[in-house]
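The lines below spell out each chain.
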Amino acid sequence: KQEVTQIPAALSVPEGENLVLNCSFTDSAIYNLQWFRQDPGKGLTSLLLIQSSQREQTSGRLNASLDKSSGRSTLYIAASQPGDSATYLCAVRNPDKLIFGTGTRLQVFP
Amino acid sequence: DTAVSQTPKYLVTQMGNDKSIKCEQNLGHDTMYWYKQDSKKFLKIMFSYNNKELIINETVPNRFSPKSPDKAHLNLHINSLELGDSAVYFCASSQGQAPQPQHFGDGTRLSIL
């Protein structure tokens with residue numbers, strides 16, 4: 001049974017710092033991995049999607065990597081801003097459903 | 001021009017009542033999902049429909065009954081609501097199944113009194 005874990009559960013950093021969020025999964029037979037952002041009272045916004053054959057994806061200040069064999073993904077946020085404050089979720093797809101991680105609650109203070 | 005829309009956004013009701021949550025997507029997708037997010041913010045899939053056919057049915061009480069009148073709609077009906085049903089319910093859609101990305105609605109916060 002696939003289990004997805006995210007570390008840390010919460011993170012508070014000053015503005016401008018580069019930071020890394022971690023996601024690990026127990027079954028490497030995944031189709032893809034998605035990183036989402038969730039703002040309080042809002043839905044999920046898809047940030048990056050990495051197919052199983054890919055190693056990384058980049059969008060603006062975000063970079064996500066995938067190492068299927070070790071069951072790990074990282075989301076790197078460069079030059080963090082207060083507007084980045086949200087909960088970040090990773091989810092793996094295998095095969096018909098998304099299995100979500102536990103989330104990392106990020107707070108970036110000015 | 002919202003892609004995946006859910007109604008209502010908030011639903012407060014008493015134990016034992018029956019309620020429905022509606023979901024519509026205008027993306028032309030053929031697959032739709034319902035997820036439940038509990039108080040610890042953990043998201044878990046409940047159901048998935050592809051071309052109006054049920055393809056995923058996780059271990060969910062049979063008080064929960066999804067209905068898909070067409071590819072653009074997937075409604076969730078809940079009978080005899082219980083306190084433990086309090087959660088945020090998210091609808092999502094995708095074009096096909098893996099490896100296509102899923103698009104999510106804003107969620108419906110259900111509170112049982």
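Residues numbered from 1 in each chain as written. Chains lettered and ligands numbered in written order. Predicted model: local features only at pLDDT ≥ 70, side-chain atom pairs only at ≥ 80, totals over all residues. Heavy atoms only, no water.

All names here are of chain B. Where strand S7 (residues 64-70) meets strand S8 (residues 73-78), five bridges bridge the pair, whose relative direction is antiparallel. Looking at the pairing, proline 66 lines up with leucine 76 of S8. Counted between consecutive antiparallel strands, the loop separating S7 from S8 contains two residues. (Pairing = 2+ DSSP bridges. Helix = DSSP H or I, 4+ residues; strand = E, 2+ residues; numbered from the N terminus.)

This brings us to the interface of chain A and chain B. Across the boundary between the two partners, chain A contributes 20 residues, which contact 21 residues of chain B. The tally of links between chain A and chain B comes to zero salt bridges. The tally of links between chain A and chain B comes to two residue pairs in polar contact (both at pLDDT 80 or more). Among the elements of the structure, strand S4 (32-38), strand S5 (44-51), strand S9 (86-93) and strand S10 (98-100) of chain A are those that each provide at least two residues to the side of chain A that touches chain B. When residues in the side of chain A that touches chain B are grouped by element, the largest group, four residues, is from S4(A). Of the residues that constitute the side of chain A that touches chain B, the class distribution is eight nonpolar, eight polar and four charged. (Contact = heavy atoms within 4.5 Å. Salt bridge = Lys/Arg side-chain N within 4 Å of Asp/Glu carboxyl O. Polar contact = N/O pair within 3.5 Å; in protein donor to acceptor, adjacent residues only side chain to side chain. Nonpolar A, V, L, I, M, F, W, Y, C, P; charged D, E, K, R; others polar.)

A separate point is the confidence of the model for chain B. Chain-level statistics for chain B give a pLDDT mean of 89 and a share of 95% at 70 or above. Between the elements of chain B, mean pLDDT differs from a low of 82, seen in strand S6 (residues 53-57) of chain B, to a high of 97, seen in strand S3 (residues 19-25) of chain B. (pLDDT = per-residue confidence, 0-100.)

Evaluation of the coordinates by the stated rule reveals seven aromatic pairs over all chains. Where A:Phe36 meets A:Phe100, the ring centres are 5.5 Å apart and the plane angle is 40°; that geometry is what we call tilted. You can see A:Phe36 sitting in strand S4 and its partner A:Phe100 sitting in strand S10, a full 64 residues away along the chain. The buried category is assigned to A:Phe100, whose relative accessible area is 1%. Ring centres of A:Phe100 and B:Tyr35 lie 5.4 Å apart, and the angle between their planes is 90°; this geometry places the pair in the edge-to-face category. Remark: B:Tyr35 occurs in strand S4 (residues 31-37) and A:Phe100 occurs in strand S10; the pair is interchain, linking two chains. An identical accessibility class is assigned to A:Phe100 and B:Tyr35; each is buried. An aromatic cluster is present here, built from A:Phe36, A:Phe100, B:Tyr33, B:Tyr35 and B:Phe104 joined pairwise through their rings. (Phe/Tyr/Trp six-rings, centres within 6.5 Å; stacked < 30°, edge-to-face > 60°. Buried < 20%, exposed > 50% of the residue type's maximum accessible area, 1.4 Å probe, protein only.)

All names here are of chain B. Overall, antiparallel pairing links the four strands, which are arranged S1-S3-S8-S7 in an open sheet. Both outer strands of the open sheet, strand S1 (4-7) and S7, are each paired with one neighbouring strand and no more. Neighbour-to-neighbour, the strand axes of the sheet open up by a mean angle of 20°, direction not taken into account. In this structure, S3 lies alongside S8, joined through four bridges in antiparallel fashion. Pairing of isoleucine 21 across the sheet is with leucine 76, part of S8. (Axes fitted to C-alpha atoms, helices over the stretch in contact; angles between N-to-C directions.)

Attention now moves to the state of the cysteines. Residues and elements named next belong to chain A. The full count for this structure, using the stated rule, is two disulfides over all chains. Two residues share a disulfide in this structure: cysteine 23 and cysteine 90, whose sulfurs sit 2.0 Å from each other. The disulfide joining cysteine 23 to cysteine 90 has a torsion of about 75° about its S-S bond and is therefore right-handed. Remark: cysteine 90 occurs in strand S9 and cysteine 23 occurs in strand S3 (residues 19-25); sequence separation between them is 67 residues. Its relative accessible area of 2% is what places cysteine 23 among the buried residues. The class for cysteine 90 is buried, based on a relative accessible area of 0%. (Disulfide = S-S within 2.5 Å.)

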